Amino acid sequence: YLLPGVVAVIGLVFYIIFMVGSLAALGATLTLPGIAGFILSVGMAVDANVLISERMREEVVTGKTPKAAISAGYHKAFSAILDSNVTTLITSLLLFIFGTGPVQGFAVTLSIGILASMFSAIVVTRVIFDYLSRKNPNLNLRMNQLFKKTDIPFLKGRLLAYGFSLITIGIGIAAFTMRGGENYGVEFTGGTLVQLQFKSATDAGAMRAALEKEGLRGITLQRYGEARENQYIVKISGDESSKVEAAAKSVAGDNGYEVLRVDQVGPSVSKNLTEKALWAVFWSALGILVYLGWRFEWKFALAAVIALFHDAIFTFGVYALSGREINLPTIAGVLTIMGFSVNDTIVTFDRIRDNVKLMRKTPFMEIVNLSINQTLSRTFLTSFTTILATLALFLFGGSSINDFAFVMLIGFAIGIYSTIFVATSLVVDWKAHK
């Protein structure tokens, strides 16, 4: 985006400062669910800036002055930014109210991130643009364009897409059912929790390597308390706490550590955890349905919620086919996907709403197809930047974060597909039926 892109990057720097400062002020410990919330809020911060830049480009093409193009760009992008962020904020608040520890951690980080991203995108960058346009009334707002004006008939293939989704989800559910208990990690099947305290600073990577050397797989290693306390929580399936102690001894020596507690995590705890997570998702989906029904109409709202659950079920199915275990970081990843999916859908719905007002005599299917093409650059850019961040976690984040990153890579990719071939396609078919 050239100059507007530079301004967007400055806004993102402020976003990071706000985000990190807020987490530090709260004394938060950044766990994997927290990182999930952070990644989703980064994606939404990038998305807001992309939406503004795309709208400004459209205004420049009409021949408006830089100052008028900036004002109109922010004005026209505001409704999509507001709807997507408020929807995600409602989701995070309901997840916090009805969820449990890890889900609540995701919700807190995401809520802070949403507020920080909106402020940085709408206020910080606008102040910069207003300053630049006052200094130079002939400010150059020329931007490169990823896709020139496209006219791809996306909706003509929606019946094939329905079939693809049903077949893939069916295969995934079959794989999930056949694996049974093998689908779940220690948080859901029960196991052993060991809390360790080291007398000196201990590297988490070295401890993880030592645990794997002892033959422990599918472990969860998490720092506990303040960093200076050098405490870790280790969760393992079965009752092999002696191997955890052996790993600690190999890292810190005979007298370099202390076992503070060893607890058995029973199935009843896991069942309660699962129930709370499901109820949190249910109430969040209901909140999305009510808000979108008010802002758009019920057909749009219901299509968005169906697409949201489509993405979650699709992702779990593909994840089951990969043979990986579902754990709390996986749940955090799926929650991130659901937030990303509904955000992507709302942006397209917002453009449809605008075009319906301008093109009253045009068939609805043509309006929807045009809207998808008009938001194609934004969809690709936002998704691509978010996938890049997640790919870095997948490749370089180590074994502890690999499952988490893997589930999000699946979900981000399927989120783009569901916006075009599930959410908007359902709206078109329901409108046609009416």
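Everything here concerns the structure above.
Residues numbered from 1 in each chain as written. Predicted model: local features only at pLDDT ≥ 70, side-chain atom pairs only at ≥ 80, totals over all residues. Heavy atoms only, no water.

**Quick word on the overall build of the protein chain**
In terms of helices and strands, the protein chain carries 14 helices and 4 strands. For 434 residues, the compact-globule estimate of 2.2 N^0.38 gives 22 Å, and the C-alpha radius of gyration of the protein chain, at 24 Å, lies within 12% of that figure. Per-residue burial for the protein chain yields a buried fraction of 50% across its 434 residues. Pairs at least 24 residues apart make up 81% of the contacts formed inside the protein chain by residues separated by at least 6 positions. In the form shown here, the protein chain has an accessible surface area of approximately 19,900 Å², with 65% of it arising from carbon and sulfur atoms. Charge separation in the protein chain, taken as the distance between the mean sites of 37 positive and 30 negative side-chain charges, equals 11 Å. (Helix = DSSP H or I, 4+ residues; strand = E, 2+ residues; numbered from the N terminus. Rg over C-alpha atoms; globule rule 2.2 N^0.38 Å. Buried < 20%, exposed > 50% of the residue type's maximum accessible area, 1.4 Å probe, protein only. Contact = heavy atoms within 4.5 Å. Areas by Shrake-Rupley, 256 points an atom, 1.4 Å probe, with all protein chains shown as cover. Lys, Arg positive; Asp, Glu negative; His and termini not counted. Charge placed at Lys NZ, Arg CZ, Asp CG, Glu CD.)

**Topic: a nonpolar patch on the surface**
On the surface, a nonpolar cluster with roughly 1,100 Å² of combined accessible area is contributed by Leu26, Phe96, Ile97, Phe98, Val108, Trp279, Phe282, Trp283, Leu286, Val290 and Trp298. Among the elements that make up the nonpolar patch, the one with the highest residue count is helix 9 (residues 267-295) (5 residues). (Patch = residues over 30% accessible without salt bridge, like charges linked within 9 Å, V, L, I, M, F, W, Y side chains within 5 Å. Salt bridge = Lys/Arg side-chain N within 4 Å of Asp/Glu carboxyl O.)

**Some details on the side chain of Thr168**
Note that Thr168 resides in helix 5 (residues 158-179). Polar contacts involving the side chain of Thr168 include one to the main-chain carbonyl oxygen of Phe164, which spans 2.8 Å. (Polar contact = N/O pair within 3.5 Å; in protein donor to acceptor, adjacent residues only side chain to side chain.)

**As for unusual backbone geometry**
In most cases, non-glycine residues show a negative phi, while peptide bonds are predominantly trans. The backbone phi angle of Leu2 is positive, close to 55 degrees, even though this residue is not glycine. Summarising the element assignment, Leu2 is placed in the segment before helix 1 (3-26). The class of Leu2 is partly exposed, set by a relative accessible area of 36%.

**Concerning the environment of Pro33**
Relative to the assigned elements, Pro33 resides in helix 2 (residues 32-61). Sequence separation between Pro33 and Gly256 is 223 residues, and the spatial gap between their C-alpha atoms is 30 Å.

**Details of the packing of aromatic side chains**
For the coordinates displayed, the defined rule picks out 19 aromatic pairs. On the basis of an interplanar angle of 25 degrees and a centroid distance of 6.4 Å, the ring pair of Tyr15 and Phe38 is categorised as stacked. Residue Tyr15 is located in helix 1, and its partner Phe38 is located in helix 2; the two are separated by 23 residues in the primary sequence. In this structure Tyr15 comes out as buried when scored by relative accessible area, which is 2%. With centroids separated by 6.2 Å and ring planes inclined at 35 degrees, the aromatic side chains of Phe394 and Phe406 adopt a geometry described as tilted. Taken together, the residues Phe394 in helix 13 (residues 376-396) and Phe406 in helix 14 (residues 399-433) connect sequence positions 12 residues apart. Look at Phe406 and you get buried, because its relative accessible area is 18%. Ring-pair connections join several aromatic residues into one group, and the members of that group are Phe154, Phe164, Phe314, Tyr417 and Phe421. In this arrangement the basic side chain of Arg295 is found over the ring face of Trp294, its NZ or CZ atom lying 6.0 Å from the centre. Over the ring of Phe296 we find Arg353; its NZ or CZ atom is 4.2 Å from the centre of that ring. (Phe/Tyr/Trp six-rings, centres within 6.5 Å; stacked < 30°, edge-to-face > 60°. Lys NZ or Arg CZ within 6 Å of the ring centre and 35° of its normal.)

**Examining the pattern of salt bridges**
According to the stated counting rule, one finds 13 salt bridges in the structure shown. With a closest N to O distance of 3.2 Å, Glu58 and Arg351 form a salt bridge. Taken together, the positions of Glu58 in helix 2 and Arg351 in helix 11 (residues 328-358) put the pair 293 residues apart, joining distant regions of the chain. Look at Arg351 and you get buried, because its relative accessible area is 7%.

Function cannot be inferred from these measures alone, as they are strictly geometric.
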